[in-house]
Amino acid sequence: MQDNSDKIAKFKMAIGEVFSNLRITNGDISLNKLALEYEIDKGSLSKLERGVYDCRLSTAWKLAQANGIKFSDFAKLLEEKLGKDFTFIDL
């Protein structure tokens, strides 16, 4: 059983990696441009991609759209990154 703080850290890191990969794959848009065009704080974007920031659902939704994908597709990419055995709650 993983400690909950380890799970949260893994989750945040996975979100950051997925968004970073999407941003680079979709024309390597700069964080500055992304922040300006979609009204998201640049510092928060940087922290998000480094896995040190736990973003709000609305921010993740905006970023998915900014990268040209549906939020549900982002969620699938995140699930793949985390692995099928990842859970926050141990039953």
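None of the values given here were measured: they were computed from a predicted structure. (Residues numbered from 1 in each chain as written. Predicted model: local features only at pLDDT ≥ 70, side-chain atom pairs only at ≥ 80, totals over all residues. Heavy atoms only, no water.)

Looking at the nonpolar core
Then, in step 1: Residues Ile15, Phe19, Leu45, Leu63 and Phe74 are the most contacted members of the largest nonpolar core, which totals 23 residues.
Then, in step 2: Counting residues per element, the ones that place at least two in this core are helix 1 (4-25), helix 2 (31-38), helix 3 (42-50), helix 4 (57-66) and helix 5 (71-82).
Then, in step 3: The element that contributes the greatest number of residues to this core is helix 1, accounting for 5 residues.
Then, in step 4: Beyond its immediate sequence surroundings of up to four residues, Ile15 is in contact with Leu48, Cys55, Phe74 and Leu78. (Core = buried A, V, L, I, M, F, W, Y, C linked by side-chain atoms within 4.5 Å. Buried < 20%, exposed > 50% of the residue type's maximum accessible area, 1.4 Å probe, protein only. Helix = DSSP H or I, 4+ residues; strand = E, 2+ residues; numbered from the N terminus. Contact = heavy atoms within 4.5 Å.)

Some points on helix 5
An α-helix turns once per 3.6 residues; consequently, residues spaced three or four apart project the same way.
Then, in step 1: With 12 residues, helix 5 should reach 16 Å at 1.5 Å per residue; the first-to-last C-alpha distance of 16 Å fits that figure.
Then, in step 2: Among the residues of helix 5, Phe71, Phe74, Leu78 and Leu82 are the ones counted as buried. Buried residues of helix 5, seen end-on, are gathered within an arc of 70 degrees and therefore sit on one face of the element. Facing away from the buried surface of helix 5 by more than 90 degrees, the exposed residues are Glu79 and Glu80.
Then, in step 3: Looking at the buried side of helix 5, the elements it contacts are helix 1 and helix 4.
Then, in step 4: Taken from the residues just after helix 5, Gly83 is the one with a positive phi, measuring 95 degrees. (Expected span 1.5 Å × (residues − 1). Arc of directions from axis to C-beta.)

A look at helix 1
Then, in step 1: The end-to-end C-alpha distance of helix 1 is 31 Å, a good match for the 32 Å that 22 residues give at a rise of 1.5 Å each.
Then, in step 2: Looking at helix 1, one finds that the buried residues are Lys7, Lys12, Ala14, Ile15, Gly16, Val18, Phe19, Ser20, Leu22 and Arg23.
Then, in step 3: At the exit of helix 1 stands Gly27, carrying a positive phi of roughly 95 degrees.

Notes on the pattern of salt bridges
Then, in step 1: Inspection of every chain in the model, using the stated rule, returns 3 salt bridges.
Then, in step 2: Among the salt bridges present, the one from Lys81 reaches Glu17, with a minimum N-O distance of 3.0 Å. One end of the pair, Lys81, is in helix 5; the other, Glu17, is in helix 1, and 64 residues separate them in sequence.
Then, in step 3: Classification of Lys81 as partly exposed rests on a relative accessible area of 38%.
Then, in step 4: Here Lys33 makes a salt bridge to Glu37, at a shortest N to O gap of 3.8 Å. Here Glu37 and Lys33 lie together in helix 2, a separation of 4 residues that amounts to about one turn.
Then, in step 5: When its relative accessible area of 43% is taken as the criterion, Lys33 is described as partly exposed. (Salt bridge = Lys/Arg side-chain N within 4 Å of Asp/Glu carboxyl O.)

Quick notes on unusual backbone geometry
Then, in step 1: Here the phi dihedral of Glu39 falls at roughly 50 degrees; this positive angle occurs in a residue that is not glycine.
Then, in step 2: Within the secondary structure, Glu39 is located in the loop between helix 2 and helix 3.
Then, in step 3: Judged by its relative accessible area of 68%, Glu39 falls in the exposed class.

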